[in-house]
Amino acid sequence: MFEFSPFLWNPQLNGAILTVENIRLGFDTCLYAPTGGGKTEVAIELFRWADAQQWCTAFYTNRKLLTEQTARRFHKAGLDYGVRAAEFEHNENPQAAHQICSAPTEHSRVVQRGTKILHPAQLVVIDEIHLQSADTMQNLVRLHKEAGAKAIVGLTATPIGVNHMFDKLVISGRLAEYRECGAIVPAQVKCIEQPD
């Protein structure tokens, strides 16, 4: 039986467990966690779970900086991964079960030009889904489903305008729960009482 990392914060663990339950029930899931809530860490746990199912995965980013950060996190977590993105040819590893995909690059190579085939992912995770819910990502999701993807998971701190892509919304935890475990510190705002 699969066990999640004991180092997850309670809200992260809650989000991971509820998302896996939805995946097992066949639901595409939008996973909410606040900014700083460790959504990439939850994705890493979902990919470890996918390893136990012998599933391939794809993690979609929309910016070069996020691709770089995700690659560093996957490396630190010990995941066998490759990168499918322009300017990341040195990180290509087509045989790896987990692929970090740049949505614009993947759309250009797979959909528009047809120079690459889609990674055969059973689990597709889309980072910053609130910024990636337009036609480009919808085309990629459709292709993944046609190729046999079993679950689509969107990660966001802003779950607005994405209900057309998902069956369920998982709220990993309230801000108070993230503050209680030390993941997020309370904001202190200081300002003058009245401008002169």
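Scroll up a little and you will see the structure.
Report follows, based on the coordinates.

Basis of the calculations
- In this convention, every chain numbers its residues from 1, walking through the sequence in written order.
- It should be noted that, the model being predicted, local features are given only for residues of pLDDT at least 70 and side-chain atom pairs only at 80 or more, the latter also being counted only at that level, while totals for whole chains, interfaces and linings use all residues.
- Each side-chain value is worked out from all heavy atoms of the structure, with water and hydrogens disregarded.
- For helices the rule is a DSSP run of H or I covering at least 4 residues; for strands it is a run of E covering at least 2, with both sets numbered from the N terminus onward.
- A helix's residues, less one, multiplied by 1.5 Å, set its expected span.
- The cut-offs for exposure are 20% and 50% of the maximum accessible area for each residue type, with area from a 1.4 Å probe on protein chains only; residues under the lower value are buried, those over the upper are exposed, and the others partly exposed.
- For this quantity, the arc is that covered by the directions from the helix axis to the C-beta atoms.
- The contact rule is simple, with two residues in contact once any of their heavy atoms fall within 4.5 Å.
- Here the nonpolar core consists of buried residues drawn from Ala, Val, Leu, Ile, Met, Phe, Trp, Tyr and Cys, with membership extended through side-chain atoms lying within 4.5 Å.

What about helix H3 (residues 64-77)?
Along its 14 residues, H3 runs 20 Å from first to last C-alpha, staying within 8% of the 20 Å computed at 1.5 Å per residue. Considered for burial, the residues of H3 that qualify are Leu66, Thr67, Thr70, Ala71 and Phe74. Along H3, the residues classed as buried sweep out an arc of 135° about the axis, all on the same side. Exposed residues on H3 whose side chains face more than 90 degrees from its buried face are Arg72, His75 and Lys76. Packing partners of the buried residues in H3 comprise helix H2 (39-52), strand S2 (57-61), strand S3 (81-84) and strand S4 (98-102). The first or second residue beyond H3 is glycine 78, which carries a positive phi of 80°.

Observations concerning helix H1 (residues 10-24)
Over its 15 residues, H1 extends 21 Å from the first C-alpha to the last, a length consistent with the 21 Å expected when each residue adds 1.5 Å. Looking at H1, one finds that the buried residues are Pro11, Gln12, Gly15, Ala16, Thr19, Val20, Asn22 and Ile23. Buried residues of H1 fall within an arc of 165° about the axis and therefore sit on the same side. In H1, the exposed positions angled more than 90 degrees off the buried face are occupied by Asn10 and Arg24. Looking one or two residues beyond H1, the residue adopting positive phi is glycine 26, at roughly 85°.

A closer look at the nonpolar core
Within soluble globular proteins, side chains that are nonpolar tend to cluster in buried spots. Among the nonpolar cores identified, the biggest contains 29 residues, and Phe47, Phe74, Leu123, Val125 and Val153 are the most heavily contacted of them. Looking at this core, the elements with two or more residues in it are H1, H2, H3, S3, strand S5 (123-126) and strand S6 (151-156). Among the elements that line this core, the one with the most residues is H2, at seven residues. If we skip the residues at most four places from it in the chain, valine 153 touches Thr19, Ile23, Thr29, Leu31, Leu46, Leu123, Val124, Val125, Ile126 and Phe166.

Regarding unusual backbone geometry
At glutamine 54, a residue that is not glycine, the phi angle is positive and equals roughly 60°. Tracing the sequence through the fold places glutamine 54 in the loop between H2 and S2. Of note in the backbone geometry, glutamate 128 takes a positive phi value of approximately 50° without being a glycine. With respect to the element layout, glutamate 128 can be found in the loop between S5 and helix H5 (135-146).

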